[in-house]
2 protein chains.
Amino acid sequence: MKINRNQRRRPVTPQRKLLLSIIQEAQRHLDAKELYRRAIERDPSISLATVYRNLRLFKEQGLIEERRLDETRRYYESKRSGEHQHLVCRGCGHVIEFETPLIRNLIEEVERQNNFLVSRVELYLEGYCRECREERD
Amino acid sequence: MKINRNQRRRPVTPQRKLLLSIIQEAQRHLDAKELYRRAIERDPSISLATVYRNLRLFKEQGLIEERRLDETRRYYESKRSGEHQHLVCRGCGHVIEFETPLIRNLIEEVERQNNFLVSRVELYLEGYCRECREERD
DNA sequence: ATAGGTGCAAATGGTTTGCGAAAAC
DNA sequence: GTTTTCGCAAACCATTTGCACCTAT
């Protein structure tokens, strides 16, 4: 049986421990630079390349999720149990997470209609939150 | 009254005509390089910078839609009437477009629950098409 | 006449990679 | 002792931009 990249032996390095714990403690989604900034406070010699390499590894191992919340960067967050999606305000940039059971129905319908097996779902909604709508008066 | 960028006078240049007609005739989503390749066949002196500048303009004017169908590039397509989403096969890379009324319900629920006004929807589904599933035997 | 567009080449910015030294197992 | 990772600097690649010239109105 072929052993794929994700199942290979993976040494536990201090850098990996540090990065993963920062991601898990974080309240918000982090991009690579922000993760690097936080990591450097605890290990000043860590490099940005290591951050990128390990983000890729964690993603392949299914430990974190990658999201695109704007046009430029990729954001990461620790993988949690509930499937959730994001709502981004064009006014203040605030990111709201939400869950809805309706998305499962939708996926089932799409799978049936297209004879497709869905393995990844990313729903991105953009608009205006209440505060930003009220401000526009 | 302030005139915003999208309402300013916009000369019709041969480059713009060419680019827009290529996008409208295209069956598939095009990225900037592919659009450039096709444009150069009809106007060998057109530049990639002009392609990018006009893609941005067309997008701001609402003539085309921008989508992310993979991790690297941005893809563009002519804006059509029906709201539709994309299903991308991880096996063969094939892109299936679909529509479903369920997504409107979903958005209404999300708007109600979060007191949010949604202005852009992007649902990205990834998985395996029938052919690619059958091949894995 | 003039605001706006074009082509070119250089810059930008997020991400990836080659390499020799160092660490994990 | 062998395999994998690390830090560094350079490379990559899609996209953007400064500039001098050109074109649509």
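Structure first, text after, so check above.
Everything numeric in this text was worked out from a predicted model, so none of it was measured. Positions within a chain are numbered from 1, following the residues in the order the chain's sequence is written. Here chains are named by letter from A upward and ligands by number from 1 upward, in the order in which they appear as written. Restriction of local features to residues with pLDDT of at least 70 applies here, the model being predicted, together with a cutoff of 80 or more for giving and counting side-chain atom pairs; totals for whole chains, interfaces and linings are based on all residues. The side-chain quantities take in all heavy atoms of the structure and omit both hydrogens and water.

A. Looking closely at the protein's contact with DNA strand C. Here a residue is considered near a molecule or strand provided that any single heavy atom belonging to it is located within 4 Å of it. Residues in contact with DNA strand C amount to 26 residues; listed here are only the nearest, Tyr-52 of chain A together with Thr-13, Arg-16, Thr-50 and Arg-53 of chain B. When the atoms of DNA strand C within 4 Å of the protein are grouped by moiety, sugar and phosphate amount to 80% of the total. Counting of polar contacts relies on pairs of N or O atoms within 3.5 Å, with two restrictions inside protein: one atom must be capable of donating a hydrogen and the other of accepting it, and residues adjacent in sequence are counted only when both atoms are side-chain atoms. Note that a phosphate oxygen of DNA strand C is positioned 3.1 Å from one of the backbone N or O atoms of Ser-45 of chain B. One of the side-chain nitrogen or oxygen atoms of Asn-54 of chain B is found 3.4 Å away from a phosphate oxygen of DNA strand C.

B. Spotlight on the sheet that holds strand 1 (residues 30-31) of chain B. Residue and element names in this part refer to chain B. The strand order 1-3-2 describes an open sheet built from three strands, whose pairing is antiparallel. If you trace the sheet from one side to the other, it starts and ends with strand 1 and strand 2 (64-67), each paired once. Here, any two strands with at least 2 DSSP bridges between them count as paired. Where helices and strands are cited, they refer to DSSP runs of H or I of at least four residues and of E of at least two residues respectively, numbered from the N terminus. Note: strand 1 against strand 3 (residues 75-78), two bridges, orientation antiparallel. Residue pairing across strands places Leu-30 opposite Tyr-76, the latter belonging to strand 3. We call two residues in contact when some of their heavy atoms are within 4.5 Å. Axis definition: a line fit to C-alpha positions, over the contact stretch in the case of helices; interaxial angles, taken between N-to-C directions, run 0 to 180 degrees. Packed onto the sheet, helix 1 (residues 14-25) meets strand 1, strand 2 and strand 3 and runs at close to 85° relative to strand 3.

C. Examining the interface of chain A and chain B more closely. Of the residues lining the interface, 39 residues belong to chain A; the matching set on chain B comes to 39 residues. Taking both sides of the interface into account, the surface hidden between chain A and chain B amounts to around 3,600 Å²; carbon and sulfur atoms contribute 56%. Any Lys or Arg side-chain nitrogen located within 4 Å of an Asp or Glu carboxyl oxygen qualifies as a salt bridge. At the boundary of chain A with chain B, the tally comes to four salt bridges. Note that Arg-74 of chain A and Glu-71 of chain B form a salt bridge whose closest N and O atoms lie 4.0 Å from each other. On the surface where chain A and chain B come into contact, there are 20 residue pairs in polar contact (both at pLDDT 80 or more). Elements with a minimum of two residues in the side of chain A that touches chain B: strand 4 (85-89), strand 5 (95-98), helix 4 (102-114), strand 6 (116-129) and helix 5 (130-135) of chain A. Two parts placed together each lose some accessible area; with a 1.4 Å probe, that loss summed over both constitutes the buried area.

D. View of the relation of the copies chain A and chain B. Expressed as a screw transformation, the operator carrying chain A onto chain B has a rotation angle of 180° and an axial translation of 0.0 Å, and the superposed copies differ by an RMSD of 0.0 Å. What we have between these two chains is a two-fold relation. Nearest to the rotation axis, the C-alpha of Leu-123 of chain A is located 2.2 Å from it, this being the minimum over chain A. Of the residues that chain A buries at the interface, 100% are likewise interface residues in chain B, meaning the two copies contact each other through the same surface. Alignment of the copies relies on least squares applied to C-alpha atoms, considering only residues that score at least 70 for pLDDT in both.

E. Seen up close, the layout of surface pockets. As defined here, a cavity is a set of points on a 1 Å grid over the protein atoms alone where a 1.4 Å probe fits but cannot get out. A pocket is an open set with protein on both sides within 12 Å along at least five of seven lines, and residues line them when an atom is within 4 Å of a point. Grid points are joined across faces, edges and corners, and a volume is the space filled by probe spheres set on the points. Counted as a void, the largest pocket has a volume near 920 Å³. Together, 36 residues line the largest pocket, and Glu-66, Arg-120, Val-121 and Glu-122 of chain A together with Tyr-124 of chain B are the ones closest to its centre. Elements supplying a minimum of two residues to the lining of the largest pocket: helix 3 (48-60), strand 2 (64-67) and strand 6 of chain A together with strand 2 and strand 6 (116-129) of chain B. Counting residues per element, the lining of the largest pocket draws most heavily on strand 6 of chain A, at six residues. For the lining of the largest pocket, the per-class residue count stands at seven nonpolar, six polar and 23 charged. Taken as a whole, the second largest pocket encloses approximately 800 Å³ of empty space. Lining the second largest pocket are 27 residues, and of these Arg-90 and Glu-126 of chain A together with Lys-59, Ser-119 and Arg-120 of chain B lie nearest its centre. Of all elements in the fold, only strand 6 of chain A together with strand 2, helix 4 (102-114) and strand 6 of chain B reach the threshold of two or more residues within the lining of the second largest pocket. Broken down by element, the lining of the second largest pocket gets its largest block of residues, five residues, from strand 6 of chain B. We call Asp, Glu, Lys and Arg charged. Ala, Val, Leu, Ile, Met, Phe, Trp, Tyr, Cys and Pro are nonpolar, and the rest, Gly among them, are polar.

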